[in-house]
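Tertiary structure, described
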Amino acid sequence: MKKIFLAFLISFGAFAQSTISVIPKPQSIVQGKGKFVWNENTQIAVSDDNLEAKEVAEQLALRIKIVTNKQQNVVTGKGSNRILFSKNNQIEKEGYVLKVTSSGVNIEASNPIGHFYGLQTLLQLFPTEVLSSSYQSKLILSLPECTIKDQPRFEYRGVMMDVGRYFFPVSFIKKLVDVIAAHKLNVLHLHLTEDQGWRIEIKKYPRLTEVGSIRKESMLGHYRDQKYDGKPHGGFYTQDEIRDLVAYAQRKFVTIVPEIEMPGHALAAIAAYPELGCTGEQYEVGTKWGVEERVYCPNEKTFEFLENVLTEVIDIFPSQYIHIGGDECPKTAWKNSKFCQDLMRKEGLKDEHELQSYFIRRIDKFVTSKGRKIIGWDEILEGGLSPNATVMSWRGVEGGITAAKQKHDVIMTPNSHMYLDYYQGNPATEPLAIGGFLPVEKTYSFEPFSPELTEEESKYIKGVQANLWTEYISKPELAEYMLFPRTLATAEIGWSSKEKDFSDFGTRMTKHFERLNQMAVNYSTAYYNVSFATEKNKLNQPLVSLKSNDPSGIIRYTLDGTKPNTKSLVYTDSKKIAVTGDRTIAAAYFTKAGKMLGSVTSKSYVISKSTGKSYSLATEPRRYTGGEKYALTNGIRGDINSNEPWVGFSGTNFDFTLDLGQKTFFSNVSVGFQGAYSSWIMPPKNIEILISNDNISYKSIKKMELGNAVKTENFVQQLNISIGNNNARYIKIIAENYGKLPAGHPGQGTPAWLFVDEISVR
Ligand code: ACM
């Protein structure tokens, strides 16, 4: 009897607990049954031994004043009916224990950082309107009874904002500080200097902002379009603005890490001071995105300049880390410079990578002499890592792994998961972005520790960061759209324990959207987008199932590719869609009330004599495998919306042999190639079709030169090749890879990708 009663209590507890929904997820939550309700006698207090937390307590008072219009003075001492900030030296630096009972609230921490994070959790326990910026007449400030014990997993939890490509006003940067701090992120990395703009006042070098902060025009549309808007763009932060911003962020325990990029991405500075370049020529501030060959020359003038710049930067940014960039520095200018070649001989540097390493070492020495530490992108590993450097691993996690094995600190920010400038949904319905596909679930799945590292080496992984590059993001509302909700996922990776559950996160996140509404954050709802999974039915036809991350709504779809509405077909798991002919299925998520959330996603299917048939490849694909063994004949046609169905070959040819199982009549072969110039994906140079009955001797029946579609983007070159009447069992298709990327391409000289999908034979 007693046991049953206990079981009842436990299940009730679990039920009640679902009302608490905090991001990032705390380490432990025990929820009670009652609640605390704020009344006119409730006070905000710090304990006698905890006056240092007064400023944090005042932040709560200010929040309450905004939404209730009532002034709260922070008092001292314990007592009931209080929100008390008290001292507990047993708790780790950033940790806190938050206890809500019906008679009051106690937030314990060993120092104000912990109190600040306890306060952020408290604000997520109140009704969401507490986060509004205006008076809320009907607001009842109640809190669920609970005990929350919490501390972060990683010490570095960051977001990078590129203010170089576009300038963003201080008001937006402060809002960003507010919102990231509310999610217990503690670093805002500002990418302050770029080819296309220098954004920080340097007193000793006024031309950096007079000349370097303004470009004459910006790219319009995508890079590949090579179009310009003809309008000047500029802006920079004065040192007074920076000091004010730094102090503002400090009150929210956010460190602003400045990035002064070198030796590449420096054209704006060279335009202001031509002697910093290798030729001394006068250039204009950059207008074209991509990787610029005009870089700093490693001469004494440049080092003097950079040391003077860094001296002013170090003076206004108290951050321990000073980011010195280090990425994407082409070596052409150095190869062509007599000065650089002489310097390499004199210093015994065997190649230009070692020259870059020499450059970074000198800067490291200088920054270290000022009591700070350099941090740089993972290219600083090339040519040898400087002794005191921390590495930001962006080209995957490999650089981070290498650095950790060399006993260097690492921040993980792999472009595979943490590049928030990538698409969150279908490019056809999303704002223009640089490329890629990085939905919130992908970001959320990132684990900073690698199995390739021992426990000892893993200690060098200090944390994570999400990056927002802004080539295609010119306005604050668009920046917010790209940052959120993926920044929430970043916060949870950085703060919460390793064990994660995306569906639990998603449930909390959909509630949290209401908080983002209150904070006036323009977030993306791509979370609701419908995803497709395709299996085979008994007839070897594609059988499609549809899924939204949110199981509480309804999925509706069409079979002709048109936009679904509230009258369209309803999908259920018991009625998967069997594809019997060529179709485009378009699907979207609707709430029970009939509101569409997220955007429409679609997939095209083709059914032909090759559907479901096996084949072999002379060279296996790399990285992009199409998701399954026979991805090229699975009936799913690759389109521009996703890289998933595509089969990718890096630098190698497509050499494919289809086995139709028996002699078969056919007269047409269809194949698609993707063109995505800025993603390094090029259509093939030519294609040849051969047939055979024994898979030994082949007869060539068609050969075509292609390759006029080189500079295309998000483009499918769909070839429908008529080959006359044939009767054969084997069909071989050979398509020649474009080869090395051409001059003028950001990846010049490296192998192009060849992306192929869906072979259909009719
Ligand atoms: C980078 O994305 N070039 C660091």
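For every chain, the first residue of the written sequence is number 1, and numbering continues from 1 onward in sequence order. Totals for whole chains, interfaces and linings use every residue, but because this is a predicted model, local features are given only for residues with pLDDT of at least 70 and side-chain atom pairs only at 80 or more, for both listing and counting. Side-chain numbers come from the whole structure's heavy atoms, not from hydrogens or water.

Only strands joined by at least two bridges in the DSSP assignment are considered to pair. Segments assigned H or I by DSSP are reported as helices when at least four residues long, segments assigned E as strands when at least two residues long, and all are numbered from the N terminus. Within the open sheet, the 5 strands sit side by side as E25-E24-E27-E28-E30. Their pairing is antiparallel. The open sheet terminates on both sides in strands that have one partner only, identified here as strand E25 (569–571) and strand E30 (636–637).

Site definitions follow a grid-based scheme: protein atoms alone, a 1 Å grid, a 1.4 Å probe that fits but cannot get out for cavities, and for pockets an open set with protein on both sides within 12 Å along at least five of seven lines, plus lining residues having an atom within 4 Å of a point. Grid points are joined across faces, edges and corners, and a volume is the space filled by probe spheres set on the points. Within the structure shown, the criterion is met by 3 cavities of 30 Å³ or more. Considered as a void within the structure, the largest cavity measures approximately 200 Å³ in volume. Lining the largest cavity are 22 residues, with Gly435, Gly436, Ile640, Asn643 and Asn714 positioned closest to its centre. Amino acids are sorted into nonpolar (Ala, Val, Leu, Ile, Met, Phe, Trp, Tyr, Cys and Pro), charged (Asp, Glu, Lys and Arg) and polar (every other residue, Gly among them). Here the residues of the lining of the largest cavity are counted per class, giving 9 nonpolar, 11 polar and 2 charged.

Glancing now at the environment of arginine 207. Mapped onto the elements, arginine 207 comes out in helix H5 (residues 207–210). Sequence separation between arginine 207 and phenylalanine 484 is 277 residues; the distance between their C-alpha atoms is 36 Å. Contacts: residue pairs with any heavy atoms within 4.5 Å of one another. What arginine 207 contacts, discounting residues up to four positions off in sequence, is Gly212, Ala271, Ala272 and Tyr273.

In this structure, the second largest pocket encloses a volume near 640 Å³. As for the second largest pocket, its lining consists of 27 residues, and the residues nearest its centre are Arg63, Leu123, Asp178, Tyr248 and Lys252. Looking at the lining of the second largest pocket, the elements with two or more residues in it are helix H2 (54–68), helix H3 (112–125), helix H4 (170–182), helix H6 (239–251) and helix H18 (502–518). Considering only residue class, the lining of the second largest pocket consists of 13 nonpolar, 6 polar and 8 charged.

Relative accessibility under 20% of the residue-type maximum defines a buried residue, over 50% an exposed one, and the middle range a partly exposed one, all with a 1.4 Å probe and only protein chains included. By the criterion of burial, strand E27 (residues 583–590) is predominantly enclosed, with 6 of the 8 residues buried. Direction of pairing for strand E24 (residues 554–558) relative to E27: antiparallel, over a ladder of 5 bridges. Paired with tyrosine 557 across the bridge in E27 is alanine 587. Direction of pairing for E27 relative to strand E28 (residues 596–605): antiparallel, over a ladder of 7 bridges. Across the sheet, the residue bridging to tyrosine 589 is leucine 597, located in E28. What sits between E27 and E28 in their antiparallel hairpin is a turn of 5 residues, with glycine 594 showing a positive phi close to 95°.

With that out of the way, let us pick up the confidence of the model for the protein chain. pLDDT: the predictor's confidence for each residue, scored from 0 to 100. Averaged over every residue, the pLDDT of the protein chain is 94; the share at 70 or more is 98%. Across residues 1–18, confidence stays below pLDDT 50; counting only partners more than four residues off in sequence or on other chains, it has 8 contacts.

Take the pattern of salt bridges next. Any Lys or Arg side-chain nitrogen located within 4 Å of an Asp or Glu carboxyl oxygen qualifies as a salt bridge. Here the structure, examined in full by the defined rule, presents 29 salt bridges. The salt bridge partner of glutamate 447 is arginine 153, with a shortest N-O separation of 2.9 Å. With a gap of 294 residues between them, glutamate 447 in the loop between helix H14 (440–444) and helix H15 (455–458) and arginine 153 in the loop between strand E7 (142–150) and strand E8 (156–162) connect regions that are remote in the sequence. Taking the relative accessible area as the measure of exposure, arginine 153 reaches 23% and is therefore partly exposed. Among the ionic pairs, arginine 729 bridges to aspartate 659, the shortest N-O distance being 2.7 Å. Taken together, the positions of arginine 729 in strand E35 (residues 715–735) and aspartate 659 in strand E32 (residues 654–675) put the pair 70 residues apart, joining distant regions of the chain. In the salt-bridge network here, residues are joined through shared partners; they are Lys25, Glu492, Asp504 and Arg508.

This paragraph deals with the nonpolar core. Put simply, a nonpolar core is a bunch of buried Ala, Val, Leu, Ile, Met, Phe, Trp, Tyr and Cys residues held in one set by side-chain atoms that sit within 4.5 Å of each other. In terms of nonpolar packing, the biggest core is built from 181 residues, with Phe85, Met161, Trp198, Tyr296 and Phe305 touching the most fellow members. In contact with phenylalanine 305, other than residues within four places in its own chain, are Trp198, Tyr205, Leu208, Ala269, Tyr273, Leu276 and Tyr296. Counting residues in hydrophobic clusters, the runner-up holds 29 residues, among them Phe666, Val671, Leu706 and Ala728.

For a helix, the expected span equals 1.5 Å multiplied by the number of residues minus one. In a regular helix each residue adds 1.5 Å, so 18 residues correspond to 26 Å; helix H11 (residues 352–369) covers 26 Å between its end C-alpha atoms and thus fits that length. Those residues of H11 not exposed but buried are Glu352, Leu355, Gln356, Ser357, Tyr358, Phe359, Ile360, Ile363, Asp364, Phe366 and Val367. Buried residues belonging to H11 abut strand E16 (255–262), helix H8 (300–316), strand E17 (321–325), helix H9 (332–335), helix H10 (338–347) and strand E18 (373–377). Polar contacts here mean pairs of N or O atoms no more than 3.5 Å apart (in protein, one a potential hydrogen donor and the other a potential acceptor; neighbouring residues in sequence count only if both atoms are side-chain atoms). Of the residues flanking the start of H11, the one acting as N-cap is aspartate 351, its side-chain oxygen 3.1 Å from the backbone nitrogen of histidine 353.

Moving on to the packing of H6 against H8. Between H6 and H8, whose axes approach to 9 Å, the crossing angle comes to 40°. For the element pair H6 / H8, the angle class is oblique. For the pair H6 and H8, contact is made by Gln239, Ile242, Arg243 and Val246 and by Glu312, Asp315 and Ile316, respectively. Within the contact of H6 with H8, the residues separate by chemical class into 3 nonpolar, 1 polar and 3 charged. Here an axis means a line fitted to C-alpha atoms, over the contact stretch when the element is a helix, while the angle between two N-to-C directions is reported on a 0 to 180 degree scale. Orientation categories follow fixed angle ranges, with anything under 35 degrees roughly parallel, anything over 145 roughly antiparallel, 65 to 115 roughly perpendicular, and all other angles oblique.

Moving on, we come to the packing of H8 against H11. At their nearest, the axes of H8 and H11 sit 11 Å apart, and the two run at 35° to each other. The interaxial crossing formed by H8 with H11 has right-handed handedness. Touching Glu300, Thr302, Phe303, Leu306, Glu307, Leu310 and Thr311 of H8 are Tyr358, Phe359, Arg362, Ile363, Phe366 and Val367, all from H11. Among the residues forming the contact of H8 with H11, the class breakdown is 8 nonpolar, 2 polar and 3 charged. The handedness criterion is simple: a crossing whose near helix is rotated anticlockwise from the far helix by less than a right angle is left-handed, and one whose near helix is rotated clockwise is right-handed.

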